[in-house]
2 protein chains.
Amino acid sequence: MDLRPFIRDIPDFPKPGVVFKDITPLLADGPALDAAVAALADRFRDRRPDLVVGAEARGFLLGPAVARELGAGFVLARRPGKLPHDTVTAEYELEYGRGTLELHTDAVSAGERVLVHDDLLATGGTARALCELAEAADGTVVACGFLVELTFLEGRKRLDGYDVEALIAYDS
Amino acid sequence: MDLRPFIRDIPDFPKPGVVFKDITPLLADGPALDAAVAALADRFRDRRPDLVVGAEARGFLLGPAVARELGAGFVLARRPGKLPHDTVTAEYELEYGRGTLELHTDAVSAGERVLVHDDLLATGGTARALCELAEAADGTVVACGFLVELTFLEGRKRLDGYDVEALIAYDS
């Protein structure tokens, strides 16, 4: 199934000159949602992940469904103060300034195989932070999987050394 | 499968005197995640929803997976300014003050059957706002489905007239 028709361009969002890739029409279409989850899971089935890790809020949209399709669990990375138990923290670079993500310290066990997921790979800062958090908990990152990749932002550079795959790539 | 052992109490979170029901161990366990999604979907299969609607961030965790299991699509409700296209807005009551959620105006079509979902039913403010947003778009709310219900907060009162179901209820 060609998923591209379900992703729409929103010019000048969130600021002038930026074209936002809006995946909400894909999520709202039953067959497209099903196909996206199945395709993401199929890409990583042979990596046998125990866990999928994703960051709020948009990493929560497909991460648990992909985890379920793979027979894996889902681990939440959240903004500071949102997770109720003991956490580890990673800072990451945003276009302007820095962000922080937290993971429960007991969310990943030593040696567990982790698939890092987000809906979209842009500059790679969030995904890099997720890799660091998973590894800080002694997990093994087996791959980083995205629905959409904006190749012109070169997020793969920040994920050097990791196996990175995306279902749909935009080069402009 | 008994899901209760996968939900843990966190005392004094987010503030002293409150016991937080932490569902992250359930999400992180593959079989428990699978069972929770299957059980939620089974409860509402005969309602034949076209769409599941959930609010960021925690409504995104199970909502799309339940939608997929039901052959439905998933529609995002987000905080103001996060959705890139034209939106409708609903305000709702929080314990202190008010919150606002937005839905894309084109996310729900007239007559579509909507399952409102959140991970947890507390005072019912968020779910009520989701019902109002779905109906503002001329959708029909066929049920409100939750993983966890805190019955002592009486959220059902705010959802009077709707069919409300939760997999797990805590009465204190």
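Everything discussed here concerns the structure shown above.
Residues numbered from 1 in each chain as written. Chains lettered and ligands numbered in written order. Predicted model: local features only at pLDDT ≥ 70, side-chain atom pairs only at ≥ 80, totals over all residues. Heavy atoms only, no water.

A separate point is helix α4 (residues 125-136) of chain A. The terminal C-alpha atoms of α4 of chain A lie 16 Å apart, and with 12 residues this matches the ideal 16 Å at 1.5 Å per residue to within 8%. Asp-138 of chain A sits one or two residues past α4 of chain A and shows a positive phi near 70°. (Helix = DSSP H or I, 4+ residues; strand = E, 2+ residues; numbered from the N terminus. Expected span 1.5 Å × (residues − 1).)

Moving on, we get to the interface of chain A and chain B. Taken residue by residue, the interface counts 39 residues in chain A and 39 residues in chain B. On the chain A side of the interface with chain B, the three residues burying the most area are Leu-61, Arg-68 and Pro-84 of chain A, jointly 23% of the side's total. The residue Asp-34 of chain B makes a salt bridge to Arg-68 of chain A at a minimum N-O spacing of 2.7 Å. At the boundary of chain A and chain B, one finds 14 residue pairs in polar contact (both at pLDDT 80 or more). It is helix α3 (residues 59-69) of chain A that provides the largest number of residues to the side of chain A that touches chain B, a total of seven residues. The class makeup of the residues in the side of chain A that touches chain B is 21 nonpolar, seven polar and 11 charged. (Contact = heavy atoms within 4.5 Å. Buried area = accessible area lost by both parts, 1.4 Å probe. Salt bridge = Lys/Arg side-chain N within 4 Å of Asp/Glu carboxyl O. Polar contact = N/O pair within 3.5 Å; in protein donor to acceptor, adjacent residues only side chain to side chain. Nonpolar A, V, L, I, M, F, W, Y, C, P; charged D, E, K, R; others polar.)

A few words now on the relation of the copies chain A and chain B. Mapping chain A onto chain B calls for a rotation angle of 180° and an axial translation of 0.0 Å; the resulting RMSD is 0.0 Å. Both copies of the chain, as the preceding transformation shows, are related through a two-fold rotation axis. Most of the interface of chain A is mirrored in chain B, where 100% of its interface residues are also at the interface. (Least-squares fit on C-alpha atoms with pLDDT ≥ 70 in both.)

A few words now on the pairing of strand β7 (residues 113-121) of chain B. Residues and elements named next belong to chain B. With eight of nine residues buried, β7 lies mostly within the body of the structure. Relative to β7, strand β3 (residues 51-55) runs parallel, the two sharing four bridges. What sits directly across from Val-52, in β7, is Leu-115. One ladder, built from eight bridges, connects β7 with strand β8 (residues 140-150); its direction is parallel. Within β8, the residue paired with Asp-118 across the bridge is Phe-146. Between the parallel pair β7 and β8, the chain is carried across by helix α4 (residues 125-136), and the sense of this crossover is right-handed. (Buried < 20%, exposed > 50% of the residue type's maximum accessible area, 1.4 Å probe, protein only. Pairing = 2+ DSSP bridges. Right-handed = clockwise from strand over helix to strand, strands pointing away.)

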